[in-house]
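Chain by chain, the residues run as shown.
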Amino acid sequence: MQPSTPPSSPFLAGAAGSAAVPVRFWIGVDGGGTHTRARLFDAGGHALGEGQAGPSALGQGLEQAWEHIQQAVQAAAQAAGLGTVTPADCALGLGLSGANNPALAAAFVAGNPGFARVALEGDAVTGVLGAHAGRPGALLIAGTGSIALAHGADGSRRQAGGWGWLNGDEGSGAWLGKAALRHAQRALDGRDATGTLARAVWALLGTSAEDLLAWQAQAGQARFASLAPLVFEHAESDPKAQQLLSAAVQQLEDMVHAVDPEGALPLVLSGSVAQRLAPRFSAALRERLVAAQGDAMDGALRLLQTAFN
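Residues numbered from 1 in each chain as written. Predicted model: local features only at pLDDT ≥ 70, side-chain atom pairs only at ≥ 80, totals over all residues. Heavy atoms only, no water.

Visitor: How would you sum up the overall build of the protein chain? Please name residues and give values.
Guide: Within the protein chain, the regular secondary structure consists of twelve helices and ten strands. Rg of the C-alpha trace for the protein chain: 20 Å, near the compact-globule value of 19 Å for 309 residues, within the 12% margin. Along the three orthogonal principal directions, the C-alpha set of the protein chain runs to about 70 × 45 × 35 Å. Each of the 309 residues in the protein chain was classed as buried or not, and the buried ones make up 50%. Long-range contacts, defined here as pairs at least 24 residues apart, represent 67% of the contacts in the protein chain between residues at least 6 apart. (Helix = DSSP H or I, 4+ residues; strand = E, 2+ residues; numbered from the N terminus. Rg over C-alpha atoms; globule rule 2.2 N^0.38 Å. Buried < 20%, exposed > 50% of the residue type's maximum accessible area, 1.4 Å probe, protein only. Contact = heavy atoms within 4.5 Å.)

Printed below as a string of structure tokens:
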């Protein structure tokens, strides 16, 4: 279990404090391994419009992240009837997957393409700030990746997971997809029984070793996560799929216990995989679940306002 730590300082760019030049728009961004969402607010904190674009997880590339963030911002401006907004008129609060890696986060902020102010934290931080409106609580995210974070009454934080899809993100979509492919490979050479899950993977990727090797050689986080729905679809017909979902539940419950061993904090679930697994969690965990008071874009706005006001 990681020790409780004081709140981390967000990565910032732009002028902070009362001397900062006013900006027209405040934007909260939530970016992960599958998509990026942006919500545009006016200076009074009123939401004007939302937009969406492709993934902006930092581990998938910093240039791609900035490209998709800017696309999501412009889509939000279009939805608000504003046409195109200029980055220099905008303050940007970001909760991005992979921002808990200090080297990636610093390099990303250094590449700011001209936004007047930037405040960056991991998506779990903005997620928990939004989910509990800045009050104490815990958040479990399981989508393309996975992470758990607890925000204590004293402002301290405790995190588990979030180690990335290559050797972590247990219970996530990418983790389930990797497990499904591994099972299909084992079934192909006779180490696992062939069931509906293996056949579904073969139908999608090919039935030869060459097919599977070629696919995985080109696969990244999002591509592996695209196989996760197959595990859910075949859970009723294939014991192996059922086993993988049970393993995912255990991994995610372990994360929640690591960040809140006393089980004292209200818990919010976020991400498509977490939502689909929710009925499979233990009764003790389900009893702690509460509805989110806001989302990660709200949390990103809160982060931005705290950093620059």
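Now that the structure has been shown, we can carry on.
Visitor: Hey, could you go over the pattern of salt bridges for me, with residue numbers and the actual values?
Guide: By the definition in use, this model includes eight salt bridges. Of the charged contacts in the structure, one is a salt bridge between glutamate 50 and arginine 39, with a shortest N-O distance of 2.8 Å. Taken as a pair, glutamate 50 in strand E4 (residues 47–53) and arginine 39 in strand E3 (residues 36–42) lie far apart in primary sequence, eleven residues in all. Judged by its relative accessible area of 9%, arginine 39 is buried. For arginine 39, the salt bridge goes to aspartate 295, with nearest N and O atoms at 2.7 Å. Of this pair, arginine 39 sits in strand E3 while aspartate 295 sits in the loop between helix H11 (283–286) and helix H12 (296–308), placing them 256 residues apart in sequence. One salt-bridge network, held together by shared partners, links Arg39, Glu50, Asp295 and Asp298. (Salt bridge = Lys/Arg side-chain N within 4 Å of Asp/Glu carboxyl O.)

Visitor: Go over the sheet that holds strand E10 (residues 267–270) with me, naming the residues and quoting the values.
Guide: In any sheet, the strands associate via hydrogen bonds between backbone groups, in a parallel or an antiparallel arrangement. Taken in spatial order, the four strands line up as E9-E8-E7-E10 in an open sheet, and their pairing is mixed. Since the sheet does not close on itself, it has two edges, and those belong to strand E9 (157–161) and E10, each with one partner. With direction set aside, neighbouring strand axes in the sheet form an average angle of 15°. Strand direction decides the pairing type here: strand E8 (residues 146–151) and E9, joined by five bridges, are antiparallel. (Pairing = 2+ DSSP bridges. Axes fitted to C-alpha atoms, helices over the stretch in contact; angles between N-to-C directions.)

Visitor: An account of the pairing of E8 is needed here, citing residue identities and associated values.
Guide: Burial of E8 is extensive: six of the six residues sit out of reach of the surface. Residues Ser146, Ala148 and Ala150 line one face of E8 and the alternating positions Ile147, Leu149 and His151 line the opposite face, and both faces are buried. Taken together, the six bridges between strand E7 (residues 137–142) and E8 define a ladder with antiparallel strand orientation. Bridge assignment links alanine 138 to a residue of E8, and that residue is alanine 150. Two successive antiparallel strands, E7 and E8, enclose a turn made up of three residues.

Visitor: Give a description of the packing of helix H3 (residues 123–131) against H12 that names residues and reports values.
Guide: Packing of H3 against H12 leaves a shortest axis separation of 7 Å and a crossing angle of 100°. Considering their axes alone, H3 and H12 lie roughly perpendicular with respect to each other. On the side of H3, the interface is formed by Thr126, Gly127, Leu129 and Gly130, while H12 contributes Ala296, Gly299, Ala300, Arg302 and Leu303. When its residues are assigned to classes, the contact of H3 with H12 shows four nonpolar, four polar and one charged. (Parallel < 35°, antiparallel > 145°, perpendicular 65-115°, else oblique. Nonpolar A, V, L, I, M, F, W, Y, C, P; charged D, E, K, R; others polar.)

Visitor: Can you break down the side chain of aspartate 123 residue by residue, with the values?
Guide: Here aspartate 123 lies in helix H3. Despite its burial, aspartate 123 remains without a salt bridge, the nearest opposite charge being carried by arginine 37 at 9.2 Å. What aspartate 123 contacts, discounting residues up to four positions off in sequence, is Asp30, Gly31, Gly95, Leu96, Ser97 and Ile141. (Lys, Arg positive; Asp, Glu negative; His and termini not counted.)

Visitor: An account of helix H2 (residues 102–110) is requested, with residue identities and associated values reported.
Guide: If you check which residues of H2 are buried, you get Ala105, Phe108 and Val109. Looking straight down H2, one finds its buried side chains confined to an arc of 95°; they lie on one side. Projecting away from the buried face of H2 at angles above 90 degrees are the exposed residues Ala103 and Ala110. (Arc of directions from axis to C-beta.)

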